[in-house]
Amino acid sequence: MDTTDDKCKCDAGEAAGGEETGVSKVSQDKGLLAVILAFLAGLGIALAVGWVVYPALLYSEQEQPVQFNHELHMAEVPDGCESCHFFREDGTFSGVPTLDQCRDCHESAIGESEEELKFVEEYMEKDQEVPWLIYSRQPDCVFFSHAAHVLKAGMSCEACHGPIGESTSLKTYQENRITGYSRDIWGEDLTGIFKKNPWDSMKMDDCARCHDKETGSKGACFQCHK
């Protein structure tokens, strides 16, 4: 009798132990699930801050001093991009047109658009150069030769700048509050993971990738850094 009672007690104890083990396992699973959910929530918040909030705080926005219609001018000028952006006799590149290049057509206002009147009255008549905000200006430590890429390598303007000749207005200039350079250097996507076109960003990695593809070498440091 005693033996049977002891066996019952033992079985009951084992059953209770099994239930405790089961409850403990469920509790551990819930704890692990909570940790995973907390991690995913933290990761989501971090990504949102890094990809949305941080860029919004990092860049200030400025409009160009006067609007410009590339599409309209491309239809009027004789040599396409080179009518305004060209190589000087010494081989250096004139990226931004001066007033003298515009004067033949814009000595007086053409049409009645507000931007045309603003350009003539505020800049042309005062003989004051337009303080354009340069999207592609690189840091001082970077040397870039248009001659090497356009004249020697035969690259087109569109290869790096995209279809800007088809644009009818200038986009908002976004300036990095820390470095003072345009957002176009890094592009809209800071990570570069979703970059689709060469002109989406112009970082060192972008140059190295293209050089490696076209020449089989990423190039030496002194080629771009003086």
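Here the structure is shown first, and the text comes after it.
Below is a short write-up of the structure.

Analysis parameters
Residues numbered from 1 in each chain as written. Predicted model: local features only at pLDDT ≥ 70, side-chain atom pairs only at ≥ 80, totals over all residues. Heavy atoms only, no water. Salt bridge = Lys/Arg side-chain N within 4 Å of Asp/Glu carboxyl O. Helix = DSSP H or I, 4+ residues; strand = E, 2+ residues; numbered from the N terminus. Buried < 20%, exposed > 50% of the residue type's maximum accessible area, 1.4 Å probe, protein only. Axes fitted to C-alpha atoms, helices over the stretch in contact; angles between N-to-C directions. Parallel < 35°, antiparallel > 145°, perpendicular 65-115°, else oblique. Left-handed = near helix turned anticlockwise from the far one by under 90°. Contact = heavy atoms within 4.5 Å. Nonpolar A, V, L, I, M, F, W, Y, C, P; charged D, E, K, R; others polar.

**Quick look at the pattern of salt bridges**
Tallied over the full model, the rule gives six salt bridges. For aspartate 184, the salt bridge identified is with lysine 171, shortest N-O distance 2.6 Å. Of the two residues, aspartate 184 sits in the loop between β4 (173-176) and α7 (204-215) while lysine 171 sits in the loop between α6 (157-161) and β4, which places them 13 residues apart along the sequence. Accessibility expressed as a relative area gives 16% for aspartate 184, which makes it buried.

**Section: the packing of helix α3 (residues 99-106) against helix α4 (residues 114-124)**
Helix-helix packing: each pair is described by the crossing angle between the helix axes and the interaxial distance. Running from N to C, α3 and α4 point in directions that differ by 125 degrees, and their axes come no closer than 12 Å. In terms of orientation, α3 and α4 fall into the oblique class. For the pair α3 and α4, the sense of crossing is left-handed. On α4, the residues that touch Leu99, Cys102, Arg103 and His106 of α3 are Glu116, Phe119, Val120, Tyr123 and Met124. Its residues placed into classes, the contact of α3 with α4 shows six nonpolar, one polar and two charged.

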